[in-house]
There are 2 protein chains.
Amino acid sequence: MTKALNVIQTLPLVSQLRSHCSSCNLRELCMPVEISSNDMQRINSLTQLKRGYARGDYLYRSGDPFHSLYAIRSGSFKTQVLHEDGREQVTGFQMTGEIIGMDAISTDVHTCDAVAMESSEVCALPFDQLETMSRELPSLQRHLHKIMSREIVRDQGIMLLLGSMRAEERLAAFLLNFSQRLAARGFSPTQFQLRMSRQEIGSYLGLKLETVSRAFSHFQDEGLISVKVRSIEILDMTRLQTLLKSSS
Amino acid sequence: MTKALNVIQTLPLVSQLRSHCSSCNLRELCMPVEISSNDMQRINSLTQLKRGYARGDYLYRSGDPFHSLYAIRSGSFKTQVLHEDGREQVTGFQMTGEIIGMDAISTDVHTCDAVAMESSEVCALPFDQLETMSRELPSLQRHLHKIMSREIVRDQGIMLLLGSMRAEERLAAFLLNFSQRLAARGFSPTQFQLRMSRQEIGSYLGLKLETVSRAFSHFQDEGLISVKVRSIEILDMTRLQTLLKSSS
DNA sequence: GCGGAGGTTTGATATATGTCAAAATACGGG
DNA sequence: CCCGTATTTTGACATATATCAAACCTCCGC
């Protein structure tokens with residue numbers, strides 16, 4: 001019983017999105033603008049190149065030559081940068097429906113690693129084709145720009161988080177961000193699975209894993225969330241949000 | 001004597017770049033690609049809208065509607081985001097020749113403030129015109145994408161800095177970054193003025209001003225740099241770089 | 001040149017988070 | 001189902017940076 005439920009909760013994005021967007025891999029890329037079905041077809045013709053990845057597989061590595069952006073069709077990835085001295089930092093977690101790979105446009109070489117956090121499928125979007133096509137389809141062009149800009153804004157938010165928030169605020173921000181992104185895709189914003197380890201969360205938030213764990217425990221003690229290792233349930237969304245807005 | 005020297009050091013960017021780029025405000029935007037002088041002329045026609053700003057003036061504020069990117073023609077700006085609770089964080093320092101305003105493309109509304117750190121001039125680049133024109137000029141399109149991507153990569157570097165570096169490493173990274181950007185524009189990479197306060201540097205680096213000050217002092221004691229409040233001279237570039245590469 | 005204000009440096013102390021270590025729990029293969 | 005391994009939790013302690021406070025510059029207007 002509980003086991004079956006767990007399985008359902010474990011794969012929410014995968015199954016639902018796969019059916020919902022079967023011929024529309026570019027949900028993220030195309031959703032917010034009006035595109036004629038004719039044009040849409042052209043855009044979708046870009047998405048021929050599908051590939052599957054197992055947990056731990058690299059979608060690309062730092063230093064790889066750039067040719068495509070990737071639309072995540074199912075599963076999820078993390079991106080990380082490696083420091084010369086061996087330290088590595090997670091710079092983002094990408095879920096189904098998001099676009100990944102924009103770091104490489106400026107240099108034609110990827111500047112970070114992208115690693116699958118579970119079995120995942122992506123569509124490669126050859127960037128020169130995207131550029132060519134967006135010259136003819138202003139709405140695609142506009143949207144491409146928006147996606148890139150959104151990435152910039154996202155990064156700014158993380159800078160704020162890393163630069164001026166304390167451990168528990170960071171974790172609250174992290175959870176709420178996850179919650180929002182799930183909600184935006186039609187999933188439960190209060191119950192979800194984390195695909196990444198405490199250590200990865202810590203790396204992303206600029207904290208050590210022990211600190212992350214303690215913060216989780218504390219939130220649970222306070223009745224804000226219920227944690228069972230990687231299963232999260234948000235019990236008091238409002239109070240979690242308050243944590244962010246009031247500085248102390 | 002010393003006074004005269006100071007003045008010269010104080011305004012290196014302003015005077016030199018102004019003469020060097022008098023009719024080429026879009027150095028940053030156009031430099032790395034081959035553009036015919038005919039096209040170049042068209043692109044420069046975009047740059048009609050020049051405006052001056054005094055120290056402390058806002059180029060734009062968070063919430064302002066978006067219509068233009070800005071090429072900084074002279075002077076320098078800082079960008080900052082404001083948290084609900086009043087905390088604010090500097091997200092970047094932009095110098096002459098750089099492009100600012102890309103945060104707003106995704107939402108059509110600016111998501112941060114941009115404030116002049118000295119008397120500055122900018123060219124407004126109406127974004128819809130940039131888009132239109134880049135549909136016809138692939139090299140401009142490509143370059144626009146590169147600039148946006150560079151912003152993403154830059155942010156990733158700061159995330160690394162904020163997430164996994166210690167105070168002195170952060171300051172070293174900051175100084176070296178400045179040095180590089182100056183060098184890229186033909187200025188002395190070892191002697192320069194900082195336009196921002198210790199508090200602003202601290203905000204950018206996720207540190208308190210006292211910590212920044214102490215780190216400066218320590219670098220000076222170690223013979224790495226010579227600091228005279230806002231005048232910096234890098235004495236031992238190599239050792240400063242080493243600070244970054246060896247985790248300590 | 002003087003005086004005041006804002007910015008900077010330096011010192012003493014507090015605190016959040018890191019570090020090290022061990023126990024508890026989850027997970028995967030046989 | 002059980003065992004071995006990896007992850008997570010919890011605890012005790014160390015430390016980098018924040019905080020608070022005072023003295024010191026520097027710049028600017030008078």
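How each quantity is defined
Residues numbered from 1 in each chain as written. Chains lettered and ligands numbered in written order. Predicted model: local features only at pLDDT ≥ 70, side-chain atom pairs only at ≥ 80, totals over all residues. Heavy atoms only, no water. pLDDT = per-residue confidence, 0-100. Contact = heavy atoms within 4.5 Å. Least-squares fit on C-alpha atoms with pLDDT ≥ 70 in both. Buried < 20%, exposed > 50% of the residue type's maximum accessible area, 1.4 Å probe, protein only. Helix = DSSP H or I, 4+ residues; strand = E, 2+ residues; numbered from the N terminus. Near = heavy atom within 4 Å. Polar contact = N/O pair within 3.5 Å; in protein donor to acceptor, adjacent residues only side chain to side chain. Pairing = 2+ DSSP bridges. Axes fitted to C-alpha atoms, helices over the stretch in contact; angles between N-to-C directions.

Undergrad: How would you explain the confidence of the model for chain A if you had to name every residue and give the values?
TA: Looking at chain A as a whole, its pLDDT mean stands at 85, while 82% of the residues score no less than 70. In the model, residues 1-25 of chain A has pLDDT below 50 throughout and makes 34 contacts with residues more than four positions away in sequence or in other chains.

Undergrad: Tell me what's going on with the relation of the copies chain B and chain A, and back it up with residues and numbers.
TA: Once chain B has been moved 0.0 Å along the axis and rotated by 180 degrees, it coincides with chain A to within an RMSD of 0.0 Å. The relationship between the two copies is best expressed as a two-fold rotation axis. Taking C-alpha positions as the reference, the residue of chain B nearest the rotation axis is B:Arg135, at 2.2 Å.

Undergrad: A description of helix 8 (residues 198-205) of chain B should follow, citing residues and the corresponding values.
TA: Residues and elements named next belong to chain B. With seven of eight residues buried, helix 8 is to be regarded as a mostly interior element. By the burial criterion, the buried members of helix 8 are Arg198, Glu200, Ile201, Gly202, Ser203, Tyr204 and Leu205. Buried residues in helix 8 make contact with strand 4 (76-82), strand 5 (88-95), helix 6 (138-164), helix 7 (167-184), helix 9 (209-221) and strand 10 (225-228). Phi turns positive, to about 70 degrees, at Gly206, one or two residues after helix 8.

Undergrad: Explain the protein's contact with DNA strand D residue by residue, including any values.
TA: The environment of DNA strand D is made up of 17 residues, and the closest members are A:Arg198, A:Ser213, A:Ser217, B:Ala167 and B:Thr211. Taken together, the sugar and phosphate atoms account for 67% of what DNA strand D places within 4 Å of the protein. Measuring from a phosphate oxygen of DNA strand D, one finds a side-chain N or O atom of A:Ser213 at 2.8 Å. One of the backbone N or O atoms of B:Lys208 is found 3.2 Å from a phosphate oxygen in DNA strand D. Elements represented by at least two residues in the surface near DNA strand D include exactly helix 9 (209-221) of chain A together with helix 9 of chain B. The greatest single-element share of the surface near DNA strand D, amounting to five residues, is contributed by helix 9 of chain A.

Undergrad: Could you give an account of the environment of B:Leu244, with specific residues and numbers?
TA: Its place among the elements puts B:Leu244 in helix 10 (residues 237-245). With a relative accessible area of 17%, B:Leu244 lands in the buried category. Residues B:Leu244 and B:Ala184, 60 residues apart in the sequence, show an inter-C-alpha distance of 20 Å. Setting aside its immediate chain neighbours within four residues, B:Leu244 contacts A:His83, A:Asp85, A:Arg87, B:Met165, B:Glu169, B:Ala172, B:Ala173 and B:Leu176.

Undergrad: Account for the sheet that holds strand 11 (residues 231-234) of chain A, naming residues and giving values.
TA: Residues and elements named next belong to chain A. Pairing within the open sheet is antiparallel, and its three strands lie in the order 9-11-10. For this open sheet the edge positions go to strand 9 (191-193) and strand 10 (225-228), each flanked by a neighbour on one side alone. If you compare each strand with its neighbour and ignore which way they point, the axes differ by 15 degrees on average. For strand 10 and strand 11, the ladder comprises four bridges, and the chain directions are antiparallel. If you follow Val227 over to strand 11, its bridge partner there is Ile232. Those strands touched by helix 7 (residues 167-184) are strand 9, strand 10 and strand 11, and its axis lies near 105 degrees from that of strand 9.

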